[in-house]
Amino acid sequence: MKKFWSILLASMMILSLTACGGSASASSEAAPASSSEAASSEAAPASSEAASSEAASSEAAAEEAVEIPTMPDVSNIDMAALDAQIDELAANVTLANEGKLVMGTSADFAPYEFHILDNGADKIVGFDVALGQAIADELGVEFEVKDISFDSILMELNAGTIDLGIAGFSPTPDRMAAVDMSLLYYTGGQSLMIRKSDADKYTGLSDFGAGKSVGAQTGSIQEGLAKEHTPDAALVSLQTVPSIIMELKSNKIDAAYIETAVAEGYVKTQDDLMILCEVPFDAEGSSVAVKKGNDGMLEFVNAVITKVVANGDMAKFVEEANALSEQSAG
Ligand code: ARG
């Protein structure tokens, strides 16, 4: 088995120096199993129902049953018609608290959502926050950001204490059994980060076997990636991404699974870190999470996402968030 992987790795290295050495088919077979573990720790009560009704069906069937969201198709958009549609859909949106849209997030994930000091005052910013604000603006209501631990967001969503979960959520089949997931508003991959001083020790994922330790955020798909791609390494699950980065910098772990956009931010500002390679993953992108069955909210959110992707606002949100993140770190 080891030999197989090293031959595969060697052949992959010829194709791409930055690929981690996994194959696309290996990742699509293993993904449902690993993500179901990740989902169960964060799944809301509703999901246990869904999970048990699906328990009999095979993993492959479970994966087929849900359609993983894509980016909106904005090739032929009539913006006036879309605006009219957004107004219409707004009428069917019900909120947890009248007159206010509450977004739940885990603000440890620049450039998606993070804290800055704005004239001495703590503020949560990022492109997820800008998207949440755009959704609230289209609804004509106030906007509030609730900063909670990543692994409790979907629970709060189904409990009805927040209206939306916007936290760079990857739409996996298991999550989609517990909550509804919007169209993608952003696409980005997964990376494995290491210390720069270890650069010549490693060539790819297969170097992280027994005796090595890898970090991932609790309740994230990165936990699943770790179990799938580096099953023999010790998995260190931590509540926040900055704490994973701290552990990596201080030699407590050997590598960390981090979303590529987030990893790139750290690499720009932290001289001692680098991205070893990209990690293959099926659901490469981010969705807004909506309470299961809240179709009015889901359709509205999808329409607003279509609008901000089509008119270029989403790209601006990303650009602004990247600039803010570099400023605040520098
Ligand atoms: N995309 C990954 C997931 O869905 C990680 C998201 C982490 N988000 C955060 N705000 N810390 O599991």
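Up top is the structure these notes are about.
Scoring rules and cut-offs
Residues numbered from 1 in each chain as written. Predicted model: local features only at pLDDT ≥ 70, side-chain atom pairs only at ≥ 80, totals over all residues. Heavy atoms only, no water. Pairing = 2+ DSSP bridges. Helix = DSSP H or I, 4+ residues; strand = E, 2+ residues; numbered from the N terminus. Axes fitted to C-alpha atoms, helices over the stretch in contact; angles between N-to-C directions. Phe/Tyr/Trp six-rings, centres within 6.5 Å; stacked < 30°, edge-to-face > 60°. Near = heavy atom within 4 Å. Polar contact = N/O pair within 3.5 Å; in protein donor to acceptor, adjacent residues only side chain to side chain. 1 Å grid on protein atoms, 1.4 Å probe; cavity = no way out; pocket = protein on both sides within 12 Å on 5 of 7 lines; lining within 4 Å. Sits in = over half its atoms within 2 Å of the grid points. Nonpolar A, V, L, I, M, F, W, Y, C, P; charged D, E, K, R; others polar. Expected span 1.5 Å × (residues − 1). Buried < 20%, exposed > 50% of the residue type's maximum accessible area, 1.4 Å probe, protein only. Disulfide = S-S within 2.5 Å. Contact = heavy atoms within 4.5 Å. Parallel < 35°, antiparallel > 145°, perpendicular 65-115°, else oblique. Left-handed = near helix turned anticlockwise from the far one by under 90°.

Visitor: Talk me through the sheet that holds strand β6 (residues 164–169); I want residue IDs and the actual numbers.
Guide: Overall, mixed pairing links the five strands, which are arranged β5-β1-β6-β13-β7 in an open sheet. The outermost strands of the open sheet, each flanked by one partner alone, are β5 (142–147) and β7 (180–186). Strand-to-strand twist in this sheet, taken as the mean axis angle between neighbours without regard to direction, amounts to 25 degrees. Relative to strand β13 (residues 286–290), β6 runs antiparallel, the two sharing three bridges.

Visitor: Describe the packing of aromatic side chains, listing the residues and the values that go with them.
Guide: All chains considered together, the criterion is met by six aromatic pairs. Each member of the aromatic cluster is reached from another via a ring pair, and the members are Phe109, Tyr112, Phe127 and Tyr186.

Visitor: Describe the site of the ligand, listing the residues and the values that go with them.
Guide: Residues in close proximity to the ligand total 15 residues, the closest being Asp108, Ala167, Arg175, Ile221 and Glu259. Between the ligand and the protein, one listed contact pairs a nitrogen atom with a side-chain N or O atom of Glu113 at 2.9 Å. A distance of 2.8 Å separates a nitrogen atom of the ligand from a polar side-chain atom of Gln217. Judged by the fraction of its atoms near the pocket grid, the ligand is located in the largest cavity. Listed by contribution, the elements that provide at least two residues to the shell around the ligand are β2 (108–109), β6 and α9 (221–229). Class assignment for the residues of the shell around the ligand results in five nonpolar, six polar and four charged.

Visitor: Describe in detail helix α6 (residues 127–139), supporting the description with residues and values.
Guide: Between its terminal C-alpha atoms α6 stretches 18 Å, which fits the 18 Å expected from 13 residues at 1.5 Å a residue. Among all positions of α6, only Phe127, Asp128, Val129, Leu131, Gly132, Ala134, Ile135, Ala136 and Leu139 are buried. In the segment just after α6, Gly140 is the residue with positive phi, at about 75 degrees.

Visitor: Give a description of the state of the cysteines that names residues and reports values.
Guide: As enumerated under the stated definition, the model contains one disulfide in all. The disulfide partner of Cys20 is Cys277, and the S-S distance across this bridge is 1.8 Å. One disulfide, between Cys20 and Cys277, carries an S-S torsion of 90 degrees and so falls in the right-handed class. Of the two residues, Cys20 is situated in the loop between α1 (2–15) and α2 (24–42) and Cys277 in strand β12 (residues 273–279); the sequence distance between them amounts to 257 residues.

Visitor: Explain the side chain of Ser191 to me, using residue names and the numbers behind them.
Guide: Looking at the element boundaries, Ser191 is found in strand β8 (residues 190–195). Here Ser191 is in contact with Ala256, Tyr257, Ile258, Thr260, Ala263, Ile275, Cys277, Glu278 and Val279, once residues within four sequence places are set aside.

Visitor: So what's going on with the packing of helix α5 (residues 79–90) against helix α12 (residues 295–310)? Which residues, and what values?
Guide: Look at α5 against α12: their axes get within 9 Å of each other, and the N-to-C directions meet at 155 degrees. Considering their axes alone, α5 and α12 lie roughly antiparallel with respect to each other. Judged by the twist between their axes, the crossing of α5 over α12 is left-handed. Taking contact as the criterion, the partners of Met79, Leu82, Asp83, Ile86, Leu89 and Ala90 in α5 are, on α12, Glu299, Phe300, Ala303, Val304, Thr306, Lys307 and Ala310. Considering only residue class, the contact of α5 with α12 consists of nine nonpolar, one polar and three charged.

Function cannot be read off these values alone, since they describe shape.
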